[in-house]
Amino acid sequence: MIHFEIHPMSDTAKSLSLERKIKMQEAREGIINRLALTLPTTINLDRFLNVIVSELGRMMNVDRCDVIQLTSPSELRISHEWRASDDVPSSLGTAIPLDLSQLSEHVDITKPIRLDDTSAAGLDHKVRFLARSLHTRSLLVVPVILGADVLGLVGLHMTRTLREWLDDEVSFLESIARQIAVGYQYTRLYLDKEREAETKRALLEIANALNARSDFREVSSLVLERAITLVGADYSALGVLDPKGGRISLVAFRAAPHATTDGVQGLIDEHAQSLDVTEFPAAMEVLAGGKTLRLLDSDLPFPFRLMFNSILGGRAALVAPVRVAGQTFGLLGLVWSEARQGFQDHEVALVEGIADQCGTALERDQLSAEVMHLRSALHERYGEDRIIGQTGAIRRAIELALSVADTQTTVLIQGESGTGKELLANLIHYNSGREDQPYVKLNCGAIPETLLESELFGHEKGAFTDARARRLGRFEEANGGTLFLDEVGEMSLSAQVRLLRVLQDGEFTRVGGNEVLKADVRVIAASNVDLEQATESGTFRRDLYYRLSVFPIVLPPLRERPQDIHPLVIHFLEHYKQKTGRFISGISKDALQALITYEWPGNVRELENAIERAVIIASGRQIELEDLPDTINKIALQEQDRIKVERARAASEGRTSTFEVTVPSSMDEIERQAIEATLEYTRGDKTHAARALGIGRKTLYRKLDQYNGSGE
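Residues numbered from 1 in each chain as written. Predicted model: local features only at pLDDT ≥ 70, side-chain atom pairs only at ≥ 80, totals over all residues. Heavy atoms only, no water.

Each helix and strand in the protein chain was counted, giving 25 helices and 21 strands. When the accessible surface of the protein chain is totalled, it reaches about 36,500 Å², and 51% of it is carbon and sulfur. (Helix = DSSP H or I, 4+ residues; strand = E, 2+ residues; numbered from the N terminus. Areas by Shrake-Rupley, 256 points an atom, 1.4 Å probe, with all protein chains shown as cover.)

Given below as structure tokens:
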């Protein structure tokens, strides 16, 4: 431990004059009064410290007075400063890299330090270096102590002459430091209360948002937007686990207006919003331990830090578990793109509170993990997210289905084969309040006309030749639940009459029986033919049509929503990669463009079949154009040939030609398309092509080598 010796003083210098002591006492009282008057009304420690250094500096007749605060365990920073004149060197904002735990091994920082001459022999070299860097010749420092913690230091500096510090001056400065500690304590308590109140207000706002809406996906988006604003993050995401716990699926993603999230969006697109969480030990640790992860990129190994910075655009993150009935259900993550020293406890508490609010919302709705997964991006059979698409028509159909789901209204879903009518019916049933009751499906077009009535209403023993026993019909089986009648337009007219009666009265009789039966059944009908036109042609009863179409929903064909083909392709690729166990690195732009431009007479079902076939053929590589069914790649090849012929004809006639650019595309890809289109225009004449492109022949050959591996 280094001891700082005070040189002997003369009797006249050992104590201050009475007049000087009185002035110092008045200054001390003034500071205390300012503290007492200011803090209860306006908690502004920054302003208070500025007053402290200016009054102390003038009272003590020093060159410079400053407050040095502890900004981290390894750094001190000069936060407030007063100078006697402009020619006194300023040190405001100077960061002093000192580890207090190591410094305390050499210097007792809980005691005053007075150096009459900072260049004196025997001083620790670190202390001498620090004094020299601050242009200090004489230094008096007292600690600001709160409990057992050193919060900072108050320093008096002489930069032009030496000074011998007196005991009374040291005592005075210690008393001022104690008043500063009071200010710190009061401010800390005030800010803690303010933060607690702010957190409660924020969580109350989120709770109100949760209670005001029933759709969890919409609620999640609102919660994330609020969370980003509250903690100043750049973006936030909420994910849920699949039942087996191996993958996590994105429920909601929101970014601040200023945030750049291209890398994250690319990751979401690449993995179809579903990610193998077992590849991320930190995430598994949060799921297993249930504790919030405080992630700083400076703590990560270099490869992970590089990925975190470049792909996720993050420098820091908080990841909190979302619990349902005490079990970890998913993860709430917030990411900052700017470096941070760490996270304050109140920030962590707020994020954990938001995560708990999400869990509370799920429990309030009495959603089990399984049902919630049906509402997440992991819906395997019934959920709205299985109906992939963002176009207005498909989103409108989903909105209508959800709005009518919890009523008893009969619904008629119309659309071509393969557009997803059964998926929409599933969505209605599993959000109807009858999801725990029977859900019976019948394809009316697949049942012979003679047996359809028996299938619907049942039959008594002996009702017809093969009726060896009584059989319950689908209406009885679906009692209390939902009956989905697919291809209802294929019904015979006699079956239509009986169906109309049960829809009107809820009553029916079994074939060959007289007993009137009742059934509480919610009917959802679907047809791939236009039933209104069928009523005009007389093949479908008009009164039954009106009874079924109380709430009609139309699903558009795939050819009318080509912008949904890309996300559908990604979805089916991920699905069949997992189902078949085949590795597929992706899909080429030519193949994807062919899928987008194809007319799809079989709609989504045909697209799904094409992707399943391509995954099997292209195992171990990316899907190419030739891996697609002949009906698709032939049309694409014909279109390519047509474009080549058209460009050649345009060149011969002296006209210009055009080519389309797929967005997004890299500049290299666009450049390549431009070169290929120009070569087709010039019929392979590279000299002519180079001239048209405004580049040299060598440059063109180099580009061709780069793109094709050969210049020929």
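A grouping of Phe304, Met307 and Ile311 is seen on the molecular surface, where their side chains present a nonpolar patch of about 250 Å² in accessible area. Its place among the elements puts Ile311 in the loop between helix 9 (302–310) and strand 11 (316–324). (Patch = residues over 30% accessible without salt bridge, like charges linked within 9 Å, V, L, I, M, F, W, Y side chains within 5 Å. Salt bridge = Lys/Arg side-chain N within 4 Å of Asp/Glu carboxyl O.)

Here we come to the confidence of the model for the protein chain. Low pLDDT marks regions whose predicted coordinates should not be analysed in detail. Summarising the model, the protein chain shows a mean pLDDT of 77, and 75% of its residues fall at 70 or more. Across residues 1–13, confidence stays below pLDDT 50; counting only partners more than four residues off in sequence or on other chains, it has 23 contacts. In this model residues 365–385 is a low-confidence stretch, pLDDT under 50, and it forms 59 contacts with partners more than four residues away in sequence or in other chains. (pLDDT = per-residue confidence, 0-100. Contact = heavy atoms within 4.5 Å.)

Turning to the sheet that holds strand 14 (residues 439–443), a few remarks are in order. Taken in spatial order, the five strands line up as 14-17-20-13-21 in an open sheet, and their pairing is parallel. Of all strands in the sheet, those with a lone pairing partner are strand 14 and strand 21 (551–554), marking the two edges. The mean angle between the axes of side-by-side strands here comes to 15°, regardless of whether they run parallel or antiparallel. The strands that helix 12 (residues 392–405) touches are strand 13 (411–414), strand 20 (522–527) and strand 21; relative to strand 21, the one it contacts most, it runs at about 155°. (Pairing = 2+ DSSP bridges. Axes fitted to C-alpha atoms, helices over the stretch in contact; angles between N-to-C directions.)

Attention now moves to unusual backbone geometry. In this structure, His135 takes a positive phi of about 60° despite not being glycine. The topology assignment puts His135 in the loop between helix 4 (125–133) and strand 5 (138–146). Even without a glycine there, the phi angle at Trp600 is positive, about 55°. Its place among the elements puts Trp600 in the loop between helix 20 (589–597) and helix 21 (603–617).

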